[in-house]
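Given next are the chains, with one letter for each unit.
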Amino acid sequence: MPFIITDPCIETKDTACVDVCPVDCIHPRKDEAEFAQATMLYIHPEECIDCGACVPACPVAAIYESIDATPANQQDLVEANGVYRNGDAETMAKAEEIVRAHIAAQPALMAVPAPERQAAHATH
Ligand code: SF4
Ligand code: SF4
């Protein structure tokens, strides 16, 4: 079961997780053209080997260890991680559409500063 990136990555997007991932399954990387336009990063669900290295690397605790561990108000982003394929315009647009809808649907949560947002997942 793959790890999931959630909304504290929005506005943070520092790629610390990319640097520690042993299988390069988190995209877009900073050296990929898609990086500038991506609102957040995504974990490829079939390439992730569940090693857990990305979780302590993330400065804003954006990464959950499984779909089941991902809070209800972040489950839409499970699909965003699932559909995103770097370099595939259609799936990238779909993922970004989900993220935009998430931002629009969660104004109170998105108003919480990114480093405190993971703690707010339980209360929003
Ligand atoms: S759990 Fe491991 S393989 Fe999966 S995204 Fe994180 S660092 Fe990469
Ligand atoms: S380390 Fe966290 S905030 Fe940084 S890119 Fe990865 S998931 Fe996003």
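Thresholds, definitions, all that
Residues numbered from 1 in each chain as written. Chains lettered and ligands numbered in written order. Predicted model: local features only at pLDDT ≥ 70, side-chain atom pairs only at ≥ 80, totals over all residues. Near = placed C-beta within 6 Å. Nonpolar A, V, L, I, M, F, W, Y, C, P; charged D, E, K, R; others polar. Helix = DSSP H or I, 4+ residues; strand = E, 2+ residues; numbered from the N terminus. Contact = placed C-beta atoms within 7 Å. Expected span 1.5 Å × (residues − 1).

Caption draft 1: How the structure looks around the site of ligand 1. Around ligand 1, 14 residues are found, and the nearest of them are C21, C48, C51, A53 and C54. A class-by-class count of the residues in the shell around ligand 1 yields 12 nonpolar, 1 polar and 1 charged.

Caption draft 2: Examining the environment of C58 more closely. Checked against the element boundaries, C58 lands in the loop between α2 (54-57) and β4 (63-64). If near-sequence neighbours (up to four positions away) are discounted, C58 is found in contact with A16, C17 and I63.

Caption draft 3: Looking closely at helix α4 (residues 89-105). End to end, α4 covers 24 Å across 17 residues, agreeing with the expected 24 Å (1.5 Å per residue, within 8%). Residues of α4 that are buried in the fold lie against β3 (42-43) and α3 (75-83).

Caption draft 4: Up close: the site of ligand 2. In the vicinity of ligand 2 lie 14 residues, with C9, T12, A16, C17 and C58 positioned nearest. Partitioning the shell around ligand 2 into residue classes produces 10 nonpolar, 2 polar and 2 charged.

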